[in-house]
Amino acid sequence: MKKAILSALMILILFSCADEEKKDEIEILEFKQETVEKSFNNCDPENGDCTFISLSYPVAKNDGKISKKINLEVESFLQNTVDFTEADSIQSPRKLVDQFLQNYERTAADFPDYDLPWEATILGKVIQQNEELVSMEFTTDMFTGGAHGYNSVSYLNFDAETGRLLVVEDLFSSEFIKKAEQDFRVKQNIPEGASINNTGFFFENEKFHLPANIGVYPGKIVLHYNAYEIAPYSAGSFRMTYSRAEISEYLKTKETIEEQYTRNLK
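For clarity, every value in this text was computed on a predicted model and none was experimentally measured.

Caption draft 1: Looking closely at the overall build of the protein. Scanning the protein from N- to C-terminus turns up 6 helices and 8 strands. Shown N-terminal to C-terminal, the secondary structure of the protein runs as helices and strands in the order α-β-β-α-α-β-β-β-α-α-β-β-β-α. Counting across all 266 residues of the protein, residues that qualify as buried make up 39%. Residue pairs in contact within the protein that sit at least 24 positions apart in sequence constitute 55% of those at least 6 positions apart.

Right, here's the structure in full:
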């Protein structure tokens with residue numbers, strides 16, 4: 001009898017230790033805001049005619065695999081937005097800032113009469129975080145010469161358990177695109193049955209598609225098409241917003257208990 005009790009206790013201790021090890025493996029995601037900025041020859045952007053760059057973005061603070069994966073994706077996004085060349089590897093935001101100013105300096109040196117200052121501002125922030133996903137919003141304002149600047153809103157959505165960057169198919173069921181197209185046609189006065197490009201849009205192959213940038217906020221989902229994505233620059237950006245309740249049947253992501261509770265209080 002004593003041996004049986006002792007064996008049972010040993011099994012319980014082993015299971016308890018295994019549970020503790022699993023808890024230790026769980027990576028807690030915490031974010032801080034990092035800002036890197038610099039101006040050409042230390043000029044003051046407030047005084048105008050100043051080339052400068054400012055990058056403000058979320059950084060996962062822990063040193064775990066998930067945090068590293070998310071941080072690498074954020075740095076990749078910053079590089080693809082700011083850098084004009086295809087680098088062999090992802091550069092740190094500090095190197096991007098220096099390279100931006102060096103590119104301006106080379107351009108100014110090659111064209112002595114060139115007097116247009118360059119500007120680049122990217123502001124990124126976490127707009128939602130729960131046990132299922134992390135959603136980030138990035139607003140970009142850039143001018144590096146030419147007829148006009150570049151403005152955009154971009155979103156990065158991550159699986160909170162793996163750090164994997166989520167795509168449209170991870171967020172919505174396949175049926176959602178039909179609803180989104182119907183809503184888009186109504187909003188843009190495009191007759192049903194007519195080409196989706198009937199009023200001046202240029203969807204590829206005249207087939208509607210969801211935007212690359214989808215924001216997952218607490219209580220709402222935003223579909224955002226940036227300028228040039230589906231229409232000429234002069235048309236600007238296009239946005240459709242849905243409440244979670246409105247499209248809950250199409251969502252693959254679920255609300256946390258806290259979000260449901262907060263919504264019910266309103």
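Anyway, onward from the coordinates.
Caption draft 2: Structural context of the nonpolar core. Grouped together as the largest cluster of nonpolar side chains are 29 residues, with contacts concentrated most on I53, Y57, I70, V74, F100, M136 and F138. Counting residues per element, the ones that place at least two in this core are β1 (31-39), β2 (52-60), α2 (65-82), α3 (93-110), β3 (119-129), β4 (133-143) and β5 (150-159). The dominant element in this core, judged by the number of residues it contributes, is α2, at 6 residues. Those residues within four positions of M136 in sequence are excluded, and the remaining contacts are F31, P58, I70, V74, K125, V126, I127, S154, Y155, L156 and F158. F184, L210, A231 and L251 belong to the second-largest nonpolar core, a separate cluster that totals 26 residues.

Caption draft 3: Geometry of the pattern of salt bridges. All chains considered together, the criterion is met by 7 salt bridges. The salt bridge involving K38 is made with D98; its shortest N-O contact spans 2.9 Å. One end of the pair, K38, is in strand β1; the other, D98, is in helix α3, with 60 residues separating them in the sequence. Between R185 and E181 there is a salt bridge; the shortest N-O distance is 3.2 Å. Linking R185 with E181, this pair stays in helix α5 (residues 176-187), spanning 4 residues, or about one helical turn. Under the relative-accessibility criterion, E181 is labelled partly exposed at 24%.

Caption draft 4: Representation of the sheet that holds β5 within the structure. What the 5 strands build is an open sheet, ordered β1-β2-β3-β4-β5; its pairing is mixed. Two strands lie at the open edges of the sheet, namely β1 and β5, each paired on one side alone. With direction set aside, neighbouring strand axes in the sheet form an average angle of 15 degrees.

Caption draft 5: Structural context of α3. Along its 18 residues, α3 runs 26 Å from first to last C-alpha, staying within 8% of the 26 Å computed at 1.5 Å per residue. Where α3 is buried, its residues meet β1, β2, α2, β3 and β4.

Caption draft 6: Structural detail: the side chain of S173. If you trace the backbone, S173 turns up in the loop between α4 (168-171) and α5. Within the structure, S173 has its side chain in polar contact with the side chain of E175 (distance 3.1 Å). Aside from chain neighbours lying at most four places away, what touches S173 is E249, Y250 and K252.

Caption draft 7: The arrangement of α2 in detail. The first and last C-alpha atoms of α2 sit 26 Å apart over 18 residues, in line with the 26 Å expected at 1.5 Å per residue. Along α2, the residues classified as buried are I66, S67, I70, N71, V74, S76, F77, L78, Q79, T81 and V82. Considering only its buried residues, α2 is in contact with β1, β2, α3, β3, β4 and β5.

Rules of the game
- Residues numbered from 1 in each chain as written.
- Predicted model: local features only at pLDDT ≥ 70, side-chain atom pairs only at ≥ 80, totals over all residues.
- Heavy atoms only, no water.
- Helix = DSSP H or I, 4+ residues; strand = E, 2+ residues; numbered from the N terminus.
- Buried < 20%, exposed > 50% of the residue type's maximum accessible area, 1.4 Å probe, protein only.
- Contact = heavy atoms within 4.5 Å.
- Core = buried A, V, L, I, M, F, W, Y, C linked by side-chain atoms within 4.5 Å.
- Salt bridge = Lys/Arg side-chain N within 4 Å of Asp/Glu carboxyl O.
- Pairing = 2+ DSSP bridges.
- Axes fitted to C-alpha atoms, helices over the stretch in contact; angles between N-to-C directions.
- Expected span 1.5 Å × (residues − 1).
- Polar contact = N/O pair within 3.5 Å; in protein donor to acceptor, adjacent residues only side chain to side chain.

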